[in-house]
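Residues per chain, in single letters:
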Amino acid sequence: MQESILPRSTIGIFGGGQLGRMASIAAKRMGYRVIVLDPTPDCPAGQVADDEITAPYDDIEAAKKLANQCHVVTSEFENVPAETLEAIESIVPVRPSSRVLRVAQNRIAEKNFLAQNGFPVPKFRPILSSDDLKEAIKEISCPAILKTATGGYDGKGQRKIERKEDAERAWASLGHAECVLEEFVFLEREVSVIVARNLKGEEAVYPVAENTHSNHILDTSVMPAPIDAQLAKRAQELAMAIARALDVVGLLCVEMFVSADGRLLVNELAPRPHNSGHQTFDAAVTSQFEQLIRAICNLPLGSTELYRPVAIANLLGDLWQIGEPNWLAALEMPDVKLHLYGKAEARPGRKMGHLTATGKTPDEALQKVISARKRLLALE
Ligand code: AMP
């Protein structure tokens, strides 16, 4: 029988951004203590945690200091070096484990894992040499997308290749880093599913979210996705099967493509809370953040039911370029909630916060949140 880690215990979080912040809020609400490790002092999660260790993620001594003060440790993003987590796994339970992060932090390992386990992915080839690239372009044909195996997010480290003559130049522009070449998928829509698993293997799955992106960064997300019930069930079952195959303890978000030719394909795995699950903070019986705490502490999982259809719109630093956004104008809409992450500097492209709106239908929630965001730019 695996023990539960009960309230008043201490939870360690690698990464002090908005995901760690919202997870800290959920943990604090349930009576846990939280310690965050992040390279930047006064990080968003550090502002709400009980304690903050300021150190780079590859600082093994700092990681051990965190481990020695905690009953369980988790990560808010998948690029914490797996070696750091491995170094503390003998001191404290790390959930999800370094093994899960190792798969999710390298696109080649991730796609190999998915393909070898029979999960549907876009056609892909690992690219380690110019010969690999020539062969892969022949097999996959153009258009194709070249992505660095590590370190890419929000569209960074990606090049679309329209003609095979451009492939070598695209790879050079990525510094000849280890890459994958992927078929370009003509998208009908992008969806994602968040699954929670505790140590006992109990599972909970959230409704499917439908996501839109702007400049490769998530722009809006609506839950439940307005798709047919059968497709939604397939997406949820696929996400649960992947979480099981990976033996995730914690959360797993599975980002998927619905292609114009009707395929459901896995794009990416994120073993942590996800931007497309922020809706659950205001509109689900159990938010993804509380569910993370329940899963890693081996508590019973909470209901994933939504009270109402819900949508979020991200607030990027660009919104601040002409001055402070008009918060009052947005909050005049009574179904709208404001979340700001406590980041001091509003840089273009930086996620500063989000708005949430509920509605009678997913579309109504989405339209509401989009108009609330427009109001932020209204002159007073
Ligand atoms: P990623 O960093 O892999 O999540 O990609 C960021 C965004 O780029 C995705 O959300 C898609 O909008 C787009 N994208 C990535 N891979 C592909 C692909 N193979 N085909 C079409 N669009 C893609």
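Residues numbered from 1 in each chain as written. Predicted model: local features only at pLDDT ≥ 70, side-chain atom pairs only at ≥ 80, totals over all residues. Heavy atoms only, no water.

Draft legend 1. A look at the site of the ligand. In the region of the ligand, 16 residues are neighbours, and Lys-147, Glu-182, Glu-183, Val-185 and Glu-190 sit closest. Contact distances for the ligand include 2.8 Å between an oxygen atom and a side-chain N or O atom of Lys-147. Between an oxygen atom of the ligand and a side-chain N or O atom of Glu-190, the distance comes to 2.6 Å. Isolated, the ligand exposes 480 Å² of accessible area, and the fraction of that covered by the protein chains is 93%. Looking at the shell around the ligand, the elements that each hand over two or more residues are strand E6 (144-148), strand E8 (179-183), strand E9 (187-197), strand E13 (250-259) and strand E14 (264-270). (Near = heavy atom within 4 Å. Polar contact = N/O pair within 3.5 Å; in protein donor to acceptor, adjacent residues only side chain to side chain. Areas by Shrake-Rupley, 256 points an atom, 1.4 Å probe, with all protein chains shown as cover. Helix = DSSP H or I, 4+ residues; strand = E, 2+ residues; numbered from the N terminus.)

Draft legend 2. Broad picture of the pattern of salt bridges. Enumeration over the complete set of coordinates arrives at 30 salt bridges. The residue Glu-203 makes a salt bridge to Arg-197 at a minimum N-O spacing of 3.7 Å. Using a relative accessible area of 28% as the deciding quantity, one classes Glu-203 as partly exposed. What makes Arg-197 buried here is its relative accessible area of 8%. (Salt bridge = Lys/Arg side-chain N within 4 Å of Asp/Glu carboxyl O. Buried < 20%, exposed > 50% of the residue type's maximum accessible area, 1.4 Å probe, protein only.)

Draft legend 3. Expanded view of unusual backbone geometry. Look at the link from Arg-95 to Pro-96: it is a cis peptide, with omega at -5 degrees. A cis amide bond links Met-223 to the next residue, Pro-224, at an omega of 0 degrees. Relative to the helices and strands, Pro-224 is located in the loop between strand E12 (217-223) and helix H8 (229-246). The phi dihedral of Asn-215 is positive, around 50 degrees, even though this residue is not glycine. Position of Asn-215 relative to the elements: it lies in the loop between strand E11 (209-214) and E12.

No statement about biological role is implied by the geometric values presented.
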